[in-house]
Each structure stands twice: as structure tokens, then as C-alpha cells.
Amino acid sequence: MYRYDEFDESFVSSRVAQFRDQVRRRLSGDLSEDQFKPLRLMNGVYLQLHAYMLRVAIPYGTLNARQMRKLAEVARTYDRGYGHFTTRQNIQFNWPRLQDVPDILAELAEVEMHAIQTSGNCIRNVTADHFAGAAADEVADPRPYAEILRQWSSLHPEFSFLPRKFKIAVTGAAHDRAAVQVHDIGLQLVRDEAGSIGFTVFVGGGLGRTPMVARKVRDFLPETDLLAYTEAILRVYNRYGRRDNKYKARVKILMHETGLDTLRADIEREFEEVRSGVLDLPKAEVDRITAYFAPPPFAQEEAGDADAFAQALDSDPALAVFAERNLAPHKAPGYASLTISLKPIGEAPGDASAEQMELVADLAETFGHDEIRVSHEQNLVLPHVRRADVPEIFRRLRGAGLAEANAGLITDIIACPGMDYCALATARSIPVAQRISERFAASGRQQEIGDLKVKISGCINACGHHHVGHIGILGVEKKGEEYYQITLGGSGDENTAIGQIVGRGFSYDGIVDAVETVVDTYLGLRQSPQEDFLAAYRRVGDAPFKEALYGTA
Amino acid sequence: MQADIYKENGFSIDDWQLLEEDQAVPTEPGRFLVSLERFVAAPEAFADLREIAILVRAGDDVTVLAPHLDRFTMVAIEFAAFSDGRGYSSARLLRQRLCYRGELRAVGDVLLDQIPLMRRCGFDAFKVVHEPTRRALETGHLAEVPLYLQPAARPDEQPAGARAWARSPVGLAR
């Protein structure tokens, strides 16, 4: 993985000193809260319902054991012993004191971490496929490009006061696990006929109040033009994006109001001015950054390994279920990427205790080439483990309550913090996730249902990504009561779709029954267990579900 | 008049006078600041003014100034609110695309923490009325991260290390 050089070290420690000075000036009154707010946001500090919240960047979701242990230490020292992994592959601490934040950042800098641009109207943490560098289906590792973009966008002088936040995601595979089409810029690595690396570029996706799927602006952007083209998009957005209404300020609205052809022409015109200049990416530099992400030295698969693993699965049904759900295909023979679910039944999605973080760090060091990933589905991943080691990893995870075999199942729920933490929320989300999780946890039941993504947001800002849930749940407030709207058919992969509202909402007490009705309806109409929920929904439409929920088609 | 124009070598007095939209073009000598909109509508109306500066507001397209740039002693870019970042793009376009060489001044809601970013976009003068910002600048306190990860518009920056996109200020050995 990427390692800081002297330049990066000085950069991050200068940023810590700068923020320390900003906090000092805020506390002395030189800065008003209005003046301080964008400064603290650009360093990941939010003011939540009960306290400040610090969001620490985990660039493209990649970290090592040492960094994970530091996060555990921060959780223990400055928080209440746990952290919350987010849908943008970051981690949030919910209870730090403002005056402690500079010290926390200084400690994080020791392990090459920071909180730069995890919030604010700037270019946010660049995200990528959580199986990057491991996935069997990958064209190339997206992380070197995400790292180059991370560097180039850090404290960018022109793009620190954009109309609104700006999110970039990169996928290295045709099967999109990074949800690139619901980002402001989505990049998909592709090769042209000559075998050269480039990007298919999508612009203007996003969720929130006005969900939109990104539009393709380029089929093939050569690697060398990555920064020049990104700068062109950002400059067009900075100049022409709306600033009169924060809910209409994302680039998706500019795309919608300007139209694809005109906006693409604007971008290309700007790109013509910028290209072939200082922002060209020299091949040697791309290679140098890529070398940091070289695959670890994988062990040869030994004769008998596969048989031994098959035997272990035969003799332990729980392990077999875990392997079925939580292992993903790896490019190296005998290896797999292992998902550690942070969705134990009945718990808050994405939370991990300091002890759990330390266990994951130990496992990564012992079995996983010292690599850990955070997925946008709020789980952790050991990207490179030998299949032969999975039984032992499973045993140790089980001891820490981390062996839930539910990756991609109905209890693997994404939920925003909701009214339990967030000042914007209008309804609870975590308790709804917990109750759904408990309802479907019964042994075998969630396995029988199969792949099904449930995503819950506690307000229309859609941090729980409900628009792209196969079943999406949106909590709203009506006359002092929480109501939950169900959307169906959303998807955040290469066939991205925004879910459709199925009908009137359900009460806090009724929402779990409603979800169960939807699931039972699916089970009744699917053609085979291989037809998953989304495929079935796309085949039959929403009529059977409406009928089941409301008695009227 | 208060000395509120900050440049490399300290504070000086603002000797430019804003020409209000309904004010006739003066015949007496003086330094006058004219809005981009008004100037572009009738450039010839200002032919007799010896010294003229342009006021660019957020949303103005600075590229329309291209044929006239050698007439301006100064261009002022207004930040109606410090959180409106359009002025940064206007500055870079003026400096880098149109090669404007005169004074480029930030006016309006100009605060300490934005000044380093503004400088990197090509501003070399700042009208500062925010008292804590003035105090900090007077004592040379410019809380900056003096290492940069992207090429921008300041001439006194040099490549830093192997990365094509990294820069550091000239004079700071890194």
C-alpha cells in the first residue's frame, strides 16, 4: 500500500499545526462559528446532535494493522471505546472534544492518517472497490489512480469552496462494487484495443433529495489525462454549479439543468485548454505510485490445500455457510477475500469496538499480508487470505462476535446514524436495522432469501443510500411521528437504478412487518432460488408487492 | 483612509474609487474601479480614463476581458461570501489562461484562512477589513501548509520531488 515520503509527512503534520491554530482562534473568538465551520468540516469535524464528531479518512478504504490499532487506541482514549465505519470507507468517532481533535490528528499523522476533506464543500475522500488488487475480475487496481486523485485534490486552492461536496469513486472491474454511477465523478478502468489503460468517465450521479444516475461523458479517457480532465470537470462545476440553493448545488443538478450534450461540450472545451500541460500524468510517475500497490508475495497453493479446505467445510456447517457468503473470488489460486461483517444480528451497522479492531489487525498481520479494507457496505475485508487459513480465521472471529455469515444478505444492512446521532435526521434508522436484522436472523431463513440489499436512511439526505437498496427504507417525520417509505428495485452496481416508491409509508411499529411482506411476496413468486430479489423485481415489476402491501395493485 | 490593502510588503491605503453604476464617467483625473458588466457593455466610454481597474463579481465570465487586459492597472475579484469559491477560478483563468500580469486583488469577505489559497490562485493583493485577520497579517501569522499537491498560478513555486503534481515555495528547501 501507499507509504508517505518526507513530503507527505511534512504536508500532513503542517495540516495538523494549521488546524490546531484554527481551533485556537475559534476558542479565542477570532473566528466566528460561521467562519470556523467550513474550516473544521474540511478537517472532518462535525457538530452532531450531542457532541462533535470526527471523521477520519481511510483513502479508498485501505489500511494496515498498525493504522487499525491506532484507530482502536483513539476509540479507547478519546471516544467511548468504539468507532463507526461509514459508507464512504471512512471511520467516525462520535464523542471527541473539540480541544482534543488536534491531538487526535497528531496521533493519526504518526501512522500516516488524516481527516483532510472528509467533509465540507470540497473534493472528498476518493473511494474504490474494496476488493481492489485482489478481485479475480479486475482490469487493473484502481487504488493507484485513487491515490493520485487524493493527492492532487488535497488542499486544492481553487476547489476548496465548491458549490457543494464532490465525491469521486473508481472501480477497476466491469462488475462495479464501488457504486461509481452514484458519485459526482465515477471512473471505471478499461483497456482500449491496443491494451492501454484508460477510464470510462461518468459525471453527475448522486443520491440525496434528488437521486440521479450519472451520465457517461467519455467512453475512454487515456490514463495520462486523468488529472487534466478532472480539473476541467471541477472548473466547469465551480464556475457554473448553482449556489443559490444548497439542495440544488451538486453537479448532478448542473447536469440535469444544462443537459448532457452541453455540459459535455463545456467540459471538453475546458479540457482542450488544460490538456498537454503540467497536469499530464507521466507514465513513470504512475508506475512509481502503482508499485506501492504491488500484490503481496502470494504463497503457492499446496497440493492437498483445496481438499483439506473442502473437508473442513464438510465437517463444520457454520463454517460452510460463512465461506459461502463471506468469501469472494481472488486472482491468486488458493486465496480469497474475506468479509468481516460489522452487522452482527441486532447491533448497529458499521460499529466496531476497540477490541474488535485490534483482533482484525492481528488477523491481518497473521493471515492477511497486513492489509485491511473498509467496504462502502460498512464491513471490513481481509483482501488476501489463504483459503486454507479460513477455518482458523473463522474460529477467532467467532470468539469476538465478528463471524456473522451474512455478507450480501438481508441482515447486511446499510443504515445511516439516524436520529440517534445526527442533527439532520427526522427518524431513527439504527433501531429499524436492528429489528429487521433480528426478524430475519433465524437460522437458514436469510440464506434461503439470498442476495438482498436493504438500505435505510433516517432523512431525505439519503446517507443510508436507500435509493439504491433493493429494498430501500426512508424514515420521515409526519406530525411528530416517524414514518417509513419503502422503495423497491434500486441498485448501485453496473446496472445502477434508483428505487421506486411503492406506496404510502409505514409506522415505526409496522415497517418490519412490511419488509417481511415484501420478502414473502418475493419468495412466493421467484422462479427458482437462483433468481434473486432484484432479478425477480425487474421481471415482475411492483404490482405484486403493492398488492401484498396495500391490497390494491 | 484606512490602510487596508495587504500585499507582500505590508498594508497600504486603497486609492481606488468605485464608480457607481449610475455615476457618469468622470472627466477629472483619478483611479476608478468599474464593474466588468458596465465596462464590457461599452468599453469605448472609458477610453479617456488614464487609470482604470475592473471589479469582477461572482458569476462574471472573466474571459470576456481578454481583448482589454492591457488597459487595466488592477483587477479586483469580489468574494461576496468567503464560502463562494467562484473567484478562485476567475483568478486562475486571468493569470494562467489570459496571462494577465497586473495587480489581482481579492475584495469582499477576505479572511485569514483563505488568503494562502487565494495567493496560489494568483492574487497578490487583499482588501482586508476583518479585524482578527488584519492583526494576524500584521504579525506575519499566515497559517499555511507550505507544501502543495497541485500546480497552480503562483510563479514562485517549484516542482517538489518526483511527483509531477507536487510543488513547494521557491526558497524553502525540501
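Every chain is numbered on its own, with residues counted from 1 as its sequence reads. Whichever chain is written first is A, and whichever ligand is written first is 1; the rest continue in order. Local features in this predicted model are restricted to residues whose pLDDT is 70 or higher, and side-chain atom pairs enter the listing and the counts only when it is 80 or higher, whereas totals over whole chains, interfaces and linings include all residues. In computing side-chain values, all of the structure's heavy atoms are included and hydrogens and water are not.

S.K.: Can you break down the domain arrangement of chain A residue by residue, with the values?
M.R.: Residue and element names in this part refer to chain A. Either an automatic procedure or a domain database provided the assignment from which the domain bounds are taken. As far as domains go, chain A holds domain 1 (6-110), domain 2 (142-290), domain 3 (317-399) and domain 4 (414-550). Residues are treated as being in contact if the distance between any of their heavy atoms lies within 4.5 Å. In this assembly, 21 residues from domain 1 lie in contact with 23 residues from domain 3. As used here, buried area is the combined drop in accessible area, with a 1.4 Å probe, of two parts when they are placed together. Summing the contributions of domain 1 and of domain 3, the shared interface buries around 1900 Å²; its carbon and sulfur component is 56%. Three residues stand out in domain 1 for area buried against domain 3, namely Met68, Arg69 and Phe85, and they jointly supply 31% of the buried area on that side. Within this document, salt bridges are pairs made up of a side-chain nitrogen of Lys or Arg and a carboxyl oxygen of Asp or Glu, the two lying within 4 Å of each other. Run the count over domain 1 and domain 3 and you get 4 salt bridges. Across the pair Arg69 and Asp362 runs a salt bridge, and its minimum N-O distance is 2.8 Å.

S.K.: Before we move on, can you summarise the side chain of Gln92 of chain A with the specific residues and values?
M.R.: Residue and element names in this part refer to chain A. Secondary structure follows DSSP: runs of H or I at least 4 residues long count as helices, runs of E at least 2 residues long count as strands, and numbering of each begins at the N terminus. Within the secondary structure, Gln92 sits in strand β5 (residues 91-93). We call a residue buried when its accessible area falls under 20% of the maximum for its residue type, exposed when it is over 50%, and partly exposed in between, using a 1.4 Å probe and counting protein chains only. Judged by relative accessible area, which is 6%, Gln92 ranks as buried. Within the local environment of Gln92, its side chain forms a polar contact with the side chain of Arg55, the two groups lying 3.0 Å apart. Leaving out residues up to four positions away in the same chain, Gln92 has contacts with Met53, Leu54, Arg55, Gly83, His84 and Thr86. Pairs of N or O atoms within 3.5 Å make up the polar contacts considered here, provided that, within protein, one atom can donate a hydrogen while the other can accept it, and that residues adjacent in sequence are counted only when both atoms are side-chain atoms.

S.K.: Tell me about the sheet that holds strand β11 (residues 327-329) of chain A, and name the residues and values.
M.R.: Judged by pairing direction, the sheet is antiparallel, and its 5 strands sit side by side in the order β3-β14-β15-β12-β11 (chain A) without closing on themselves. Each edge of the open sheet carries a strand with a single partner, namely β3 (62-63) and β11 of chain A. Strands are labelled as partners when DSSP assigns at least two bridges between them.

S.K.: Describe the interface of chain B and chain A, with residues and values.
M.R.: Between chain B and chain A, the residue contacts involve 41 residues of the former and 48 residues of the latter. Together chain B and chain A conceal approximately 3700 Å² of surface at their shared face, both sides included; 59% is due to carbon and sulfur atoms. Run the count over chain B and chain A and you get 10 salt bridges. Asp113 of chain B is the partner of Arg25 of chain A in a salt bridge, and the nearest nitrogen-oxygen pair spans 2.8 Å. The interface formed by chain B and chain A includes 21 residue pairs in polar contact (both at pLDDT 80 or more).

S.K.: Give a detailed account of unusual backbone geometry, specifying residues and quantitative values.
M.R.: Residues and elements named next belong to chain A. Non-glycine residue Glu112 carries a positive phi angle of around 60 degrees. Look at Glu112 and you get buried, because its relative accessible area is 14%. Look at His369: it is not a glycine, yet its phi comes out positive at around 50 degrees. With respect to the helices and strands, the residue His369 is situated in the loop between α12 (354-367) and β14 (372-374). His369 gets classed as partly exposed once you look at its relative accessible area, which sits at 30%.

S.K.: Give me the lowdown on the sheet that holds strand β6 (residues 127-128) of chain A, citing residues and values where you can.
M.R.: Residue and element names in this part refer to chain A. Spatially, 5 strands are ordered β6-β7-β8-β9-β10 in an open sheet, and the strand pairing comes out mixed. The sheet terminates laterally at β6 and β10 (215-222), the two strands that pair on one side only. The pairing of strand β8 (residues 185-191) with strand β9 (residues 197-203) spans 7 bridges and is classified as antiparallel. Opposite Val190, over in β9, you have Gly198 as the bridge partner.

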